Amino acid sequence: MSDASINGQPNVGKAVSSRRHSRLTPLFAAAVPALLFVVAAIVGPLLLPYDAVNVNIGDRLLPPGSATGTGETAWLGTDRLGRDLLAQIIAGARVSLLVGSVTVLVAGTVGTILGITSGYFGGALDNVVMRLADIQLAFPSILLAILIAAVIGPSVSNVIITLSITRWVKFARVIRSATLAAKERDFVHAARALGASHGRVLSRHVFPFTLTSLLVIATVEFGLVIIAEAGLSFLGLGTPPALPSWGLTIASGRDYLSSAWWISALPGFALVVVVVSVGSLGDRLRDYLDPHLRHG
Amino acid sequence: MTAYILRRLGYAIFVVWGAVTIIFIVMRFVPGDPATALLGPTATPDQIEATRTRLGLDRPLVVQYLRYMMNAIQLHFGDSYRLGGSAIGHVIDRLPATLLLAVSSTGFAVLLGFPMGVLAARSPGKAFDRLVSRISLVGQALPTFWTGIMLVLVFARYLQLLPSAGATSWQHLVMPTVALGLPFLSIVVRLVRSGLLDVLNENYVQVARSKGLTENGVVYRHAVRNMLLPVVTVVGLQLGALIGGAVIVETVFAWPGVGRLLINAIQNRDFPVVQATTALMAAVFVVMNLVVDITYTWLDPRVRVVGDH
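Residues numbered from 1 in each chain as written. Chains lettered and ligands numbered in written order. Predicted model: local features only at pLDDT ≥ 70, side-chain atom pairs only at ≥ 80, totals over all residues.

Moving on to the overall build of chain A. Helix and strand content of chain A: 10 helices and two strands. Counting from the amino terminus, chain A carries its helices and strands in the arrangement α-α-β-β-α-α-α-α-α-α-α-α. Looking at chain A as a whole, 45% of its 296 residues qualify as buried. Pairs at least 24 residues apart make up 68% of the contacts formed inside chain A by residues separated by at least 6 positions. (Helix = DSSP H or I, 4+ residues; strand = E, 2+ residues; numbered from the N terminus. Buried ≥ 20, exposed ≤ 12 C-beta atoms within 10 Å, placed from the backbone. Contact = placed C-beta atoms within 7 Å.)

Written out as C-alpha cells, the structure reads:
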C-alpha cells in the first residue's frame, strides 16, 4: 500500500472498518487519474476554450510556463501556430474519452449479445458467429482498423464505427465462454425446470454471471481503443485535422522535436496516464471481484 | 497427427478466404469507384466508362467477386496505380524488412522479459517484483508511435547516439525494435511471472524441494521447463500481432517495410497495393498461427493424443 494517492486520503476506510470498504479503496485510487481527465474533459473547455482557428504566430513554440502576448500563461507551452497546448490536450481528452467510451459501449453491447446468444443456444448461430470471429482475427488488430478507416475517411463517428467493428470479437469470445460456464450451473437448470423462458434465463441468470468478465474486459478494451484511436489519428486516418486529438497533436509536433519537444511529448504522456489508470483499475477490479485469481 | 494437421490447414485456408472476402467487401465502400480513383479528377465520363468496362466494374457484383477471388488465388491484386508493376510484387519486396523488425522486437522482448519475469516470481511481493509489475503495467500502455518519437527525441536529437530514420545499418534497427518491443516485453514479463508462480505451487516442485535440491535447481530444472509451453505459444501468436504493430512504427522511423508501403498507398489512394498488403499480412498472420498451433501439438503429447481421435 505505498500508493501516493492512497496516502493522500487518510480518512477513507478508517471510519467504516468493514472489509468490503477497505478493499474498495485501491479501486478508487487506481481510477483517480482517469477521473481527473474525465472532469477536465467535461469542465475544462468551459474554463480554457480551445480555438483551432485562433492562430497567434507571435506566440508560436513557447516553452511550458511562458507568458503569451495577451499576458496569459501557457502552462504547457504553445504549438507551431501559437495555440495553447493545455487547451489542446483538454480538447483531445474529450475526443479520446468519447471515442473510448462509445466504442466500448457499442462493441461491448454487440459482442455481449452475440456472445451470450451463441454460447447459450449453440448450433448454427454459434458456428457462424465464431467463424466470423476467427476470420476477423486473421487481421492483426490495427490492420483491419487502418483498412476500414482509410476507406471511409477521417471523422469521429467513423473512428467509432471502425473500432467497434474491430473490437466486438474480443467481447463476444469472452462472454461466450462465460456463458458456456454458466449454462451448466444448477441455477440455470433450475430456472429452466421451473418454466422460465430462454429470454428470462438469459437476462436474469446467465447475464449477471458474465458481468465480472464483462467489466474486466471493458477496462482492458477501453485502454486498447484509445491507443488505437490515437494511432489512427497519428496516421491521419482518425479524427479530422480541425478537431484536436492526442494522436494528431503528437504527429504535429514531430517536425519540432529539436525546438519544441513538449508538443509531441505531453499529449502522449496524458494518453499513457489514462491508459495506465484504467488498466490498473481493471487489474484491481479483477482482484476485487474474484479473489481466487489473486497472486502473491 | 497428420489428420489433425490437415484439418488445421483446411481451416487456415478457410480463414484466409474469409479475410480476402472482407477486404473485397470493405473496398466496395470506397467513395466513388476504382475507375474514378484510377483516372483522377480530370477524367471525362467516356474515359471513366471505358475503364469501368476494362476493370469489369459494369458486371454484376457476384461476377466481380468471383473474378477477384480467381485473381487473389494467383496472388494477383492488380497493378499499382502509383508505382507501376504488380501490387503484390511491391509487398513481397518489402516483407523481409518488416519480418526483420518483428523478429528483432520479439528477441528484445523475450531475452529481457524472460529473466525479469523469473526473477520477479522468485521473490513475489518484494521490491524488485513490485518494480517489475509497475514497469509492465506502464509498458503495456505505451503507444508504440509515441514511444518511438520519444526515443528519437532523446537518443537522436539530444544524445545524438542513434540515427532517427532509415534502414542502412544495424543502428537503425535499435529504436524501432525497442518501440515495438516494449509492450510485448511487458506481456512476456507478466506471463512468465504468473506462469512460474502457478508452477511453483505444484506438487512435483514441492517434491523436488523436499529432495533437497537447491532453489536454483528447482526453478530451472523443474519449474521453468513446465511453464515454457504457454509462453512459447503466446510469443508465437504475438509475432503475428507485431507485424500489425509494425505498420505504425515503420511510419515513425521511415523503415522501408510493408507498413510504410501500406500507409503511402493509402495516402495515394493506390488501392491495389492496399488490397495486396492487407491480404498478404493476413495470410502471414494465419500461417504463423498455424505453425504455432502445430508446434504446440508436437511439443505437448497430451494435445497430440486428443488430436488423433
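Here we take up the confidence of the model for chain B. Per-residue pLDDT for chain B has a mean of 85; in total, 96% of the residues score no lower than 70. In the model output, the complex is listed with pTM 0.86 alongside ipTM 0.86. (pLDDT = per-residue confidence, 0-100.)

Attention now goes to the interface of chain B and chain A. Counting from both sides, the interface comprises 43 residues of chain B and, opposite them, 36 residues of chain A. Tallied by class, the residues present in the side of chain B that touches chain A amount to 33 nonpolar, nine polar and one charged. (Nonpolar A, V, L, I, M, F, W, Y, C, P; charged D, E, K, R; others polar.)

Let's shift gears to helix 6 (residues 156-183) of chain A. An ideal rise of 1.5 Å per residue puts 40 Å on 28 residues; helix 6 of chain A measures up with 39 Å between its terminal C-alpha atoms. A:Thr166 marks the point of greatest bend in helix 6 of chain A, at about 35°. (Expected span 1.5 Å × (residues − 1). Bend = angle between axes of the 7 residues up to and from the residue.)

The subject of this paragraph is helix 9 (residues 203-210) of chain B. Burial analysis of helix 9 of chain B places just zero of its eight residues in the buried class, which makes it a mostly uncovered element. A positive phi of about 95° marks B:Gly212, the residue just after helix 9 of chain B.

All right, on to the nonpolar core then. In this structure, A:Ala138, A:Ala145, A:Ile146, A:Leu147, A:Ile226 and B:Ala19 are the most contacted members of the largest nonpolar core, which totals 148 residues. In this structure A:Ile226 touches A:Ser96, A:Val99, A:Gly100, A:Leu271, A:Val274 and A:Val275, once residues within four positions along its chain are discounted. (Core = buried A, V, L, I, M, F, W, Y, C linked by C-beta atoms within 7 Å.)

Here the focus is the environment of A:Ala172. Residue and element names in this part refer to chain A. With respect to the secondary-structure elements, Ala172 resides in helix 6. Among the residues examined, Ala172 registers 27 C-beta atoms within 10 Å and is labelled buried. In sequence terms Ala172 and Asn127 are 45 residues apart; their C-alpha atoms lie 13 Å from each other. Sequence-distant contacts of Ala172, defined by excluding residues within four places in its chain, comprise Gly111, Leu114, Gly115, Val129 and Ala133.

Let us now look at the packing of helix 10 (residues 262-289) of chain A against helix 7 (residues 144-158) of chain B. In contact at an axis separation of 10 Å, helix 10 of chain A and helix 7 of chain B are set at 140° when each is read in the N-to-C sense. When the axes of helix 10 of chain A and helix 7 of chain B are compared, the pair comes out oblique. As helix 10 of chain A runs across helix 7 of chain B, the sense of the crossing is left-handed. Contacts between helix 10 of chain A and helix 7 of chain B involve A:Ser264, A:Ala265, A:Gly268 and A:Leu271 from the first element and B:Trp146, B:Ile149, B:Met150 and B:Leu153 from the second. (Axes fitted to C-alpha atoms, helices over the stretch in contact; angles between N-to-C directions. Parallel < 35°, antiparallel > 145°, perpendicular 65-115°, else oblique. Left-handed = near helix turned anticlockwise from the far one by under 90°.)

A few words on unusual backbone geometry. Residues and elements named next belong to chain B. Positive phi outside glycine occurs at Gln160, with the angle close to 50°. Structurally, Gln160 is set in the loop between helix 7 and helix 8 (171-200). Note on Gln160: 9 C-beta atoms within 10 Å, which makes it exposed. Non-glycine residue Ala254 carries a positive phi angle of around 50°. Assignment of secondary structure puts Ala254 in the loop between helix 10 (215-253) and helix 11 (258-267). On the neighbour-count criterion, Ala254 (13 C-beta atoms within 10 Å) is partly exposed.

A few words on the confidence of the model for chain A. Residue and element names in this part refer to chain A. Averaged over all residues, the pLDDT of chain A equals 84, while 90% of them reach at least 70. The element-level mean pLDDT for chain A is lowest in helix 1 (residues 4-7), coming to 41, with helix 3 (residues 85-121) highest at 93. Long-range and interchain partners of residues 1-17, a stretch whose pLDDT sits below 50, account for 11 contacts in this model, where long-range means more than four residues apart.

Once that is clear, we can look at the environment of A:Phe121. All names here are of chain A. By secondary structure assignment, the location of Phe121 is in helix 3. The exposure class of Phe121 is partly exposed, given the 14 C-beta atoms found within 10 Å. For the pair formed by Phe121 and Val39, sequence separation is 82 residues and the distance between their alpha carbons is 42 Å.

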